[in-house]
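Structural overview for review
The primary structure of each chain is shown beneath.
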There are 2 protein chains.
Amino acid sequence: MWKVITKDFNKEDIINHGNKFLIGNGYMGYRGTLEEFGKNELVALNLPGVYDQYENKWREPVNAPNPLFTRVIYDGTELNPIVINPVFHQQTLDISCGLHKRESTFDINNKQITITSERFAHLTKYSLLVMKYSVKTNAHLNLVIETGIDGDVWDINGPHLNPYQIVNENNIVTFSTNTRECHIPIVVSETILCDFNAKISNIIDSHKLIRQINLNIEKDKTYTFYKFASVKHSLDEAEANMQAMNEINSASVLGYEKLFIENYLEWQKRWLVSDVELKGDEEAQFSLRYSIYHLLILNQKHSDKVSIPARGISGQTYKGAIFWDTEMFMLPFYLNTDLQTAKNLVKYRINTLDGARRKAMEYGFRGAFYAWESQETGDDACSHFNVTDVFTNRPLRTYFRDKQVHISADIVYGIWQTYLRINDLSLLINGGAEVIFECARFYYSYGYLKHDKNRFEILDVTGPDEYHERVNNNAFTNRMALETFNIAIKVSKLLKAENKESFDNLIKKLNYTEDLKRIEEVVKILYVPQPNNSGIIEQFDGYFKLEEVTVDEVKSRLIHPNEYWGGANGIAANTQIIKQADVVTLLYFFNDEYSSEIKKTNWDYYLKRTEHGSSLSASMYALVACENGNPEWAYPYFMKSATVDLTGKSKQYAGGIYIGGTHPAASGGAYMTAIYGFAGLKIIENQIKCFPHLPKNWESMSFKVILNNDLYKLDITKNNITIAKEDNSW
Amino acid sequence: MWKVITKDFNKEDIINHGNKFLIGNGYMGYRGTLEEFGKNELVALNLPGVYDQYENKWREPVNAPNPLFTRVIYDGTELNPIVINPVFHQQTLDISCGLHKRESTFDINNKQITITSERFAHLTKYSLLVMKYSVKTNAHLNLVIETGIDGDVWDINGPHLNPYQIVNENNIVTFSTNTRECHIPIVVSETILCDFNAKISNIIDSHKLIRQINLNIEKDKTYTFYKFASVKHSLDEAEANMQAMNEINSASVLGYEKLFIENYLEWQKRWLVSDVELKGDEEAQFSLRYSIYHLLILNQKHSDKVSIPARGISGQTYKGAIFWDTEMFMLPFYLNTDLQTAKNLVKYRINTLDGARRKAMEYGFRGAFYAWESQETGDDACSHFNVTDVFTNRPLRTYFRDKQVHISADIVYGIWQTYLRINDLSLLINGGAEVIFECARFYYSYGYLKHDKNRFEILDVTGPDEYHERVNNNAFTNRMALETFNIAIKVSKLLKAENKESFDNLIKKLNYTEDLKRIEEVVKILYVPQPNNSGIIEQFDGYFKLEEVTVDEVKSRLIHPNEYWGGANGIAANTQIIKQADVVTLLYFFNDEYSSEIKKTNWDYYLKRTEHGSSLSASMYALVACENGNPEWAYPYFMKSATVDLTGKSKQYAGGIYIGGTHPAASGGAYMTAIYGFAGLKIIENQIKCFPHLPKNWESMSFKVILNNDLYKLDITKNNITIAKEDNSW
């Protein structure tokens, strides 16, 4: 089963289906909306990495004009399920090849008109969108098809685009514009090829250019046109125009079928490396594949200037920003299956080091304090007032931006994991080591020596559990800071040994001698909270003293359904109720440092206290349950993680802020649970090992892993583990 | 002019007049309400130092049954201005002798009945309340006078008293009870002496015992009775009963006039030492005397187990707790005029050291962390949720209790100032040094070494400006912590030199050798924020980055009139608007460390940003303005401080919490401004100096100061300063 299918049409599902039926290729995302939809239905051709700020609103990625806009009008009625109930309706996403399909039949006075369409975002020609659109009727009648570019884009905090320059020449429609803040050129061109002859006239206004096709339609005959659209940005405007023109010209010469096959074959190549086959559990199989689909459409093979936003390419929520989600929850997938993307994700962080330096300086620290919400420059898009109080409508002071300091360590961790997998010193030499050193310097400058206890502490932070802001000695954060110091020391030794010149240059460039000495000094006394007598690791200083209460009890205290649980006065803030895995995240990432007993005790203790208000939470619980040898306990959290975008049952609001969209970190977490949890993959001394804990109805798992430039296939059954190197042709 | 007089009666003034016409003697306070009033009019016989907690409500001081309750009924109508408009009404407080008077004439069908009364709380027989009550009419008629004990007391967070045992023997009515939490016995007895004969019957219920006096009254003849009431607590119950009985027996033998004279003479003695005479400004003269009156009725000559609550003896607000107000704003008055009280205030802190140790331990620190709201044990009465959110009715997490760490330093400062004035080593030997050492130890254990900058910092505090919670390196707090270290080091040297044995014993008892060494180490690197290039001292790290806005602008953002400005999300919290003098308080207490230029610059800068939401604020601005040689700038803040309880224009609510009552710290601040500001008193090397800055219409100031057991009289005119020792008979 490789298809997401819906046969109902409900207005309430439009937003959710926009995410669920999303197509894309990392360069752009196109929401799973119908061709006749517009901004009210949250149509978006989302361009990750192209950011714009309008007035003092939130800076967010830009949505481009929609080149696939198409509608059919019969007898004055628009054939749109919002306008008229279809007698048949089906929307399909084929995740095997990233193909979106729709079919709708409308009945007007026994005249039945069927619309079918297919579209895909080309995986290698990544600025190319392709659509096939057909109509067919059960009677001879006159129809109008309108198709063109709809420039009236949906924006959360826009408008972002300057007035369009609209050109219509030789059946090629081009919208050229640029962003308001940074004047980044954006060019969208499209052309159509019709398999029929018809009179075409144009309707144009400042936001739209629509071809009006008047069709005298024969009964039972299919009328099809193909659309080729090119979306270019960040180039010189003339260059962008030319490239777009060339791209659609080449595409229309090649034609729909060849493009489709080209794209299909590329998808097969990707699935060949990325697929995880499960036997015995179709629901899990499909959900996991759907998760992998989302990671595939987020690949960043094409650029090291962009990374993967927290809501992927599904729209503008979360400011299109890159969070720790990428390094901690998605990078593992790419490290196993797509090193080009993995390296680009790391390079994005290297490329934005200066932004992290600016942020550290802004708060009076040295080194690199990476953005909590990173955009193209690495400057922080996160506001000090990131939530709106539902009671007063006032912005609430939140501490995501200035206190979630574990972000720098997460990035160091990601770089180091990548280095370990690719085993290529050039990653460290070309910026990786510099980031690591600067992040270590940041923690040194951020931390304090508790003179009275001779220990180095990390104070006033917000850990993964964002419901408790400004806490001291968050176990996860402190352990990650320690990891940063450890990695910095390892890297300094490694570089010194392997490439003395670049080591010396870097130390000199960063004026780092003294800092390295101090880091080597405080690393010995960095305080990481340890299990107490009951085996529980206190999430942060004073956590145990907070009100002990159930999630349900806290929920029952809500006055307003959308009120923010965190912040200083949120209903969870003064209780032990946490948003998401925090100590449990620590236990996963440092699982070899804790006994099963400790993992089990803390899993139990914190699970009762976790609201799972973040989609990052479930996979951590699933992974640690697997570590504990309890795949059945892991299973529901795995499924929760894998299905979050299928069910659409995720939080839509935090405070007064809409936060909908896809959840690639949950997709990544589902993948991690499958591979590192159920299959129990561990790479030990550059060798693949497996310690599987398959759920009881899973007969087998098969998947591939890249290691040392070789592709390995792993086949796991209840009784057997086979790890075999594939031939080199992949 | 020594009298506060009101001739109007408005229901809206009842609460305010309860404070304005307050009488008392430190042992008890009796609110300025009319005899016929009850709990709805906030009658209170307040017992500072006797605390009780009912269920999980706030712990607060107890109000005793009201032994002065008296009302007159004519023809079925109660002669009470709430019931019937008086044709004449006057309420008077004679501050020269603490005498409360009322006179009301009611007219019912042309029958005019006049009630007059006088009452005082005896200054030396401090458990004794005395009242004279008279009626007179313009016609022959029958009246009923009801007088007795009203046990239906007003409580904010009560009820606090167990059921009364009521005894009525030999015309002596006694209510015996005890508090619910700690079973502290409370006995209130009263008797009356009538100058007329009348039939008396009794009405009794569980809360009241009332004598009903049926009077056949002659025209124009005055009928008077005298009441003597004794209020005993904290003794064994039988002992309390006996002492109360004896006290009212002795009192009634002595009679009203003699008691009045006794009390009057004692008041004269106190004024002789305490008065500050001003020529040329009657309003200032009266307001200042009224302030001194409040400090006189708060003297604690009788006990070192109680100190002066923030709302004095005016009721239960602020939990009857002792704040830094006492040491920093009131102690200076007693150090100049009443050393017995000064020493008792200090001893109260010594006596509550164990409470401060418990609080330090509770938060994971060593040493003594004094209660922000201290009651009889020194345990903190302040809650972590000290304000109610007006929008949600939820308790708001506030950080008064756990972060206002300057309290320990304020106490050290108070002890040291007292030691310097009384020059008596026994104060240090008998607990003073122990408190100082333990407070220094607390700051050492609270603070952190910023390794990166090699400086010792005081993090995560709330300074005097409570609108900004959890800030780092509050200038005032850090300087006070430094002062604590300095004083601890001075005391250790002093004790070592003067009384080696007690020094050794103390060091040994406290196991203090290592701590002293460490304190001597970090004192050198304790960070105190210094003036920046513009001469401004940043109130705390990051203050300059907060929104720059006017007080009026912030006020205009209020949605609810009673919403709390502070807390994490209060309207002031993210702006530069501060509740009260903070840096300016630093500049006053350490005025010799800053140039006039710096004082002037910061005064200007912070004044614009100060809401004066605390009654402690104005006097600090007044004092620093005097330091700057600008008495005219100081004058309005002086007057604001001196008149706060006369005008009744103070904040009545913080969040949803009623905070009304008298403001003894403002009274103390007014006194300080007069003496240390306008008169410019400085005691330098044990010698009295004056550097006066009289406001332009002030012709002269005269006042007395005790120094080295001598009384000095200071006469200051525009051109002349005379400082003369008084003879020894004072």
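Attention here is on the structure that accompanies the text. Small disclaimer: the values here were computed from a predicted structure and weren't measured.

**What about the relation of the copies chain B and chain A?**
After a rotation of 180° and a shift along the axis of 0.1 Å, chain B superposes on chain A with an RMSD of 0.0 Å. On the angle and the small slide along the axis, the relation comes out as a two-fold axis. Closest to the rotation axis within chain B is the C-alpha of Leu449 of chain B, separated from it by 2.5 Å.

**Concerning the interface of chain B and chain A**
Contacts between the two partners involve 38 residues from chain B, matched on the other side by 38 residues from chain A. Of the roughly 3100 Å² buried where chain B meets chain A, counting both sides, 43% is carbon and sulfur surface. Run the count over chain B and chain A and you get 6 salt bridges. The salt bridge partner of Arg394 of chain A is Glu563 of chain B, with a shortest N-O separation of 2.8 Å. Remark: the boundary between chain B and chain A carries 23 residue pairs in polar contact (both at pLDDT 80 or more). By residue class, the composition of the side of chain B that touches chain A is 16 nonpolar, 7 polar and 15 charged.

**Quick look at helix 11 (residues 475-498) of chain A**
Compared with an ideal rise of 1.5 Å per residue, which puts 24 residues at 34 Å, helix 11 of chain A spans 34 Å between its outermost C-alpha atoms and is within 8% of the ideal. Counted residue by residue, helix 11 of chain A has 17 buried out of 24 residues, so it is predominantly covered.

**Notes on the pairing of strand 15 (residues 185-194) of chain A**
Residues and elements named next belong to chain A. Summarising burial for strand 15: 8 of the 10 residues are buried, a large majority. Inspection of the sheet shows strand 14 (residues 172-178) paired to strand 15 by 7 bridges, in the antiparallel sense. Bridged to Ser176 within strand 15 is Val187. Hairpin remark: strand 14 followed by strand 15, antiparallel, with 6 residues in the connecting loop; positive phi at His183, about 55°.

**So, the packing of helix 10 (residues 425-446) of chain A against helix 11 of chain A**
All names here are of chain A. Contact pair helix 10 / helix 11: the axes reach a minimum separation of 9 Å and the direction vectors enclose 140°. The orientation of helix 10 relative to helix 11 falls into the category oblique. Seen from above, helix 10 lies across helix 11 with left-handed handedness. Of the residues in helix 11, those in contact with Leu425, Leu428, Ile429, Ala433, Ile436, Phe437, Cys439, Ala440, Tyr443 and Tyr444 of helix 10 are Ala481, Thr484, Phe485, Ile487, Ala488, Val491, Ser492, Leu494, Leu495 and Glu498. When the residues that make up the contact of helix 10 with helix 11 are grouped by side-chain class, the tally is 17 nonpolar, 2 polar and 1 charged.

**Brief notes about the pattern of salt bridges**
Inspection of every chain in the model, using the stated rule, returns 104 salt bridges over all chains. Put simply, Asp402 of chain A and Arg397 of chain A hold a salt bridge, and the shortest N to O gap is 2.7 Å. Ionic pairing is found between Glu466 of chain A and Lys579 of chain A, a salt bridge with its closest N-O pair at 2.6 Å. Taken together, the residues Glu466 of chain A in the loop between strand 23 (455-457) and helix 11 and Lys579 of chain A in the loop between helix 14 (551-556) and helix 15 (583-589) connect sequence positions 113 residues apart. Overall, the relative accessible area of 12% leaves Lys579 of chain A in the buried class. Because the salt bridges share partners, they merge into one network encompassing Asp354, Arg357, Arg366, Glu434, Glu438, Arg441, Lys509, Glu514, Asp515, Lys517 and Arg518 of chain A together with Asp452 of chain B.

**Concerning helix 4 (residues 282-296) of chain B**
The end-to-end C-alpha distance of helix 4 of chain B, which contains 15 residues, comes to 21 Å, matching closely the 21 Å that a straight helix rising 1.5 Å per residue would cover. Among the 15 residues of helix 4 of chain B, 13 are classified as buried, and the element is accordingly described as predominantly covered.

So, how was this worked out
- Each chain carries its own residue numbering, running from 1 in the direction its sequence is written.
- Chain labels run from A onward and ligand labels from 1 onward, assigned in the order the entries are written.
- Given that this is a predicted model, residues contribute local features only at a pLDDT of at least 70 and side-chain atom pairs are listed and counted only at 80 or more, while totals for whole chains, interfaces and linings are drawn from all residues.
- The side-chain values count all of the structure's non-hydrogen atoms but skip hydrogen atoms and water molecules.
- A least-squares fit on C-alpha atoms brings the copies together, and the residues used are those whose pLDDT is at least 70 in both copies.
- Between two residues, a contact is recorded if the distance between any of their heavy atoms is within 4.5 Å.
- Take the accessible area each of two parts loses on contact, using a 1.4 Å probe, and add the two losses: that sum is the buried area.
- Only one rule defines a salt bridge in this text: a Lys or Arg side-chain nitrogen within 4 Å of an Asp or Glu carboxyl oxygen.
- In protein, a polar contact requires one atom able to donate a hydrogen and another able to accept it; more generally it is a pair of N or O atoms within 3.5 Å, and residues adjacent in sequence count only if both atoms are side-chain atoms.
- Ten residues, namely Ala, Val, Leu, Ile, Met, Phe, Trp, Tyr, Cys and Pro, are considered nonpolar, four, namely Asp, Glu, Lys and Arg, are considered charged, and the remaining ones, Gly among them, are considered polar.
- For the purposes of this entry, the term helix denotes a DSSP run of H or I that reaches at least four residues, the term strand denotes a run of E that reaches at least two, and both are numbered from the N terminus.
- To estimate the expected span of a helix, count its residues, drop one, and scale the result by 1.5 Å.
- A 1.4 Å probe rolled over the protein chains alone gives each residue an accessible area, and that area as a share of the maximum for its type sets the label: buried under 20%, exposed over 50%, partly exposed in between.
- At least two bridges found by DSSP between two strands are what make those strands a pair.
- Axes here mean lines fitted to C-alpha atoms, for a helix over just the part in contact, with angles spanning 0 to 180 degrees between N-to-C directions.
- Note on terminology: angles under 35 degrees are roughly parallel, angles over 145 are roughly antiparallel, angles of 65 to 115 are roughly perpendicular, and the others are oblique.
- By definition, any crossing whose near helix is turned counterclockwise from its far helix by less than a right angle is left-handed, and any crossing with a clockwise turn is right-handed.

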